[in-house]
Amino acid sequence: MLKLWNERLRRHQLNQFKYLRLIFNDNFVLAFIVLIGALGFWYSNLLGTIQHQLVLGKPIVIVLLLLATQVGGIATLLEEPDSTFLLVKEKDFYQYFKAAKNYSSFMPVVTLALVNFLLSAFASRGAGLHILDIVVIAIGLIIFKLGSLNINLMEIYSRAKLGNFNLRLISNVVLLLALIVSTYCFSWTMIIVAVIYYFFLNAQTKPLEMSGQLNWDYAIETENQRMFRIKRFYNLFTDVPGVNSKIKRRKWLDGLYRPIKLESKNTYLFLFARGFVRNNEYIGLFLRLTVIQAIMLALIDNFYISLIVEMLFIYLVGFQLKPYFKEVMQNLMQILYPISGKTKIADFTKLSTAILSIQWVISALAILYKFGLSVNSLIIIVAGLAVLIFVNYFYMPRQLKKYLD
C-alpha cells in the first residue's frame, strides 16, 4: 500500500506543479508582491495606532487562531474506482492513510506557524501577550492540529464519535476553551491540553489498523471535494479540465440588460452580458477583486501604494476577463451567428469597459473617502482611468484577436 501511495503522490505532485507553473507567471507574482507590500504597510500603520491593550484584543487573537487551526485535512488521493478494485485490500489501507496523514501535516503546520508569526505583533500590542506566551500557544496549536488529523482518519472508518457526540465538535470546543484559558490566564495550558489530546486521539486510532471497514463513499467524496476546491482556484488563472462554473439565473439583475437594444448587431453584446452575470466564476472574481481593492484603498493612506493598488487591480480584472471571451468562442454553436469577428471583439470590449468602469467608480469613492478632494486623489483616479482606457482599447482588442485567429 505504501508503494501505491508513493505512486499517487508523485502523480499528484507533478499535476500540481504543472498548474502552479502557469499560475506563478509575471503578472501574478507582481500582483502578489504589491498586495503583500500594501497589506504589510497597512498592518504596520495599524500597529502604530495601538498604544495600549485593546478590550477586544484577546478575543480577536482567539478567533483568528481558532480559524487558522481549521485549515488542512488529510489528502487521501483516493479515486472513484478504488471502492471496487481495491476493496479486497481494505484491511491494508491503514498504512496508506497513515502515510497520507504524515504528508498532509506539512500544510497546516506551516499555516499555523505563519499565522502565529504574523499575529504576534498584534497579540503583543493589542492583546498584551508576552512573546513567550505567543510561542507557547503556537507550539500547543501545532501539536493540537497534528492530533486532530486523526479525526479525519477516524471519519474514514466511521469511528469519529465519542458516545453520542461528534468528535470534531468536541475537539473544537476543547480547542476554544484551551485558547481562552491560555490567552487570559496560563499560556502553558495550550501545550498541556494539546499533548493530552494528541496521545488520546493516537490511542483511539490504534484499533483502526485491524478494523478494515472503510466508509468508501465518504472518503472518496471528501477527496473529490478537496480536489475540486483546489482546481477551482487554479481555474481562476488557467483552464482546468473537469471544472465547470455554476450558472445561476439571477432574474433580479435583468434590468442591467435593458439598455442593450434587441438588434442583430447587439447579439454578442447581449450574450456576453448575460453570460457574465450568470457565471459564478467571472462575476465572483470581479466582485472579490473590487471589494478587496476598495477596502485596501479605504485603509491605506500612502499615496504611492494607493496609486499602485488602483492601477494594478483594474488591470488584473481586465486581464482575468480574457478567458471568458475564449470560453464563449470555443462553443461551436456560436459560429452559426452571422457576426464578424471584429464585431465580437467590439462587443466584448464594450462589456469590459462597463465592468471596469463600475470598478473604477467604486475605487474612486474609496480614494475620495481616504484622501478627500485633493491633488493626490485626482492623480490616483486619473491613473486608474488611464489603465482602464489602455486595457480596453489597446491591450484587450489585440489579445482577443489571437483567440479568433
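Residues numbered from 1 in each chain as written. Predicted model: local features only at pLDDT ≥ 70, side-chain atom pairs only at ≥ 80, totals over all residues. Heavy atoms only, no water.

**Student:** Now, about the environment of Ile 74: what can you tell me, with residues and values included?
**Tutor:** Checked against the element boundaries, Ile 74 lands in the loop between α3 (57–69) and α4 (82–85). In this structure the C-alpha to C-alpha distance between Ile 74 and Asn 152, which are 78 residues apart in sequence, comes to 6.4 Å. Residues within four places of Ile 74 in sequence aside, it is in contact with Ala 100, Lys 101, Ser 104, Leu 149, Asn 152, Leu 153, Glu 223 and Arg 226. (Helix = DSSP H or I, 4+ residues; strand = E, 2+ residues; numbered from the N terminus. Contact = heavy atoms within 4.5 Å.)

**Student:** Requested: an account of the packing of helix α12 (residues 267–278) against helix α15 (residues 341–371), with residues and values cited.
**Tutor:** It is the contact of α12 with α15, at a shortest axis distance of 8 Å, that shows an interaxial angle of 40°. Of the possible angle classes, the one that applies to α12 and α15 is oblique. The two elements α12 and α15 meet at a crossing, and its hand is right-handed. Judged by residue contacts, Tyr 268, Leu 269, Phe 272, Ala 273 and Phe 276 of α12 engage Lys 344, Asp 347, Phe 348, Lys 350, Leu 351 and Ile 355 from α15. In the contact of α12 with α15, the residues fall into eight nonpolar, no polar and three charged. (Axes fitted to C-alpha atoms, helices over the stretch in contact; angles between N-to-C directions. Parallel < 35°, antiparallel > 145°, perpendicular 65-115°, else oblique. Left-handed = near helix turned anticlockwise from the far one by under 90°. Nonpolar A, V, L, I, M, F, W, Y, C, P; charged D, E, K, R; others polar.)

**Student:** Pulling in residues and values, what's your account of the pattern of salt bridges?
**Tutor:** In total, this model carries five salt bridges according to the counting rule given. A salt bridge links Glu 79 to Arg 11, with the shortest nitrogen-to-oxygen separation between them at 2.3 Å. One end of the pair, Glu 79, is in the loop between α3 and α4; the other, Arg 11, is in helix α1 (residues 2–23), with 68 residues separating them in the sequence. Here Glu 79 falls in the partly exposed class, since its relative accessible area comes to 31%. Residue Arg 11 is classed as partly exposed on the basis of its relative accessible area, which comes to 48%. Between Arg 168 and Glu 155 there is a salt bridge, with its nearest N and O atoms 3.0 Å apart. Of this pair, Arg 168 sits in helix α8 (residues 167–184) while Glu 155 sits in helix α7 (residues 131–156), and the two are 13 residues apart along the sequence. Given a relative accessible area of 29%, Arg 168 falls into the partly exposed group. Given a relative accessible area of 14%, Glu 155 falls into the buried group. (Salt bridge = Lys/Arg side-chain N within 4 Å of Asp/Glu carboxyl O. Buried < 20%, exposed > 50% of the residue type's maximum accessible area, 1.4 Å probe, protein only.)

**Student:** Got a sec to walk through α1? Specific residues and values, please.
**Tutor:** Given a rise of 1.5 Å per residue, 22 residues ought to cover 32 Å, and the 31 Å separating the end C-alpha atoms of α1 matches this to within 8%. When we look at burial in α1, the residues that qualify are Trp 5, Arg 8, Leu 9, His 12, Gln 16, Tyr 19 and Ile 23. Angular distribution of buried residues about the axis of α1 spans 105°; they occupy a single face of the element. What points out from α1, more than 90 degrees from its buried face, is the exposed set Lys 3, Leu 14, Phe 17 and Arg 21. (Expected span 1.5 Å × (residues − 1). Arc of directions from axis to C-beta.)

**Student:** Residue-level account of the packing of aromatic side chains, with values.
**Tutor:** One pass over the structure, following the stated rule, counts 15 aromatic pairs. Aromatic pair Tyr 198 and Phe 199: ring centres 5.5 Å apart, planes at 85°, arrangement edge-to-face. An aromatic cluster is built from Trp 5, Phe 93, Tyr 96, Phe 97, Tyr 103, Tyr 157 and Trp 216, whose rings are joined through pairwise contacts. (Phe/Tyr/Trp six-rings, centres within 6.5 Å; stacked < 30°, edge-to-face > 60°.)

**Student:** How would you explain unusual backbone geometry if you had to name every residue and give the values?
**Tutor:** At Leu 77, a position not held by glycine, the phi torsion is positive, near 60°. Positionally, Leu 77 belongs in the loop between α3 and α4. For Ser 158, which is not a glycine, the phi torsion comes out positive at approximately 60°. Positionally, Ser 158 belongs in the loop between α7 and β1 (161–162).

**Student:** I'd love a proper account of a nonpolar patch on the surface, names of residues and values included.
**Tutor:** Together, Val 55, Leu 56, Ile 60, Val 63, Leu 64 and Leu 67 line one region of the surface with nonpolar side chains, adding up to about 580 Å² of accessible area. With respect to the helices, strands and loops of the structure, Val 63 is situated in helix α3. Residue classification places Val 63 among the partly exposed residues on the basis of a relative accessible area of 46%. (Patch = residues over 30% accessible without salt bridge, like charges linked within 9 Å, V, L, I, M, F, W, Y side chains within 5 Å. Areas by Shrake-Rupley, 256 points an atom, 1.4 Å probe, with all protein chains shown as cover.)

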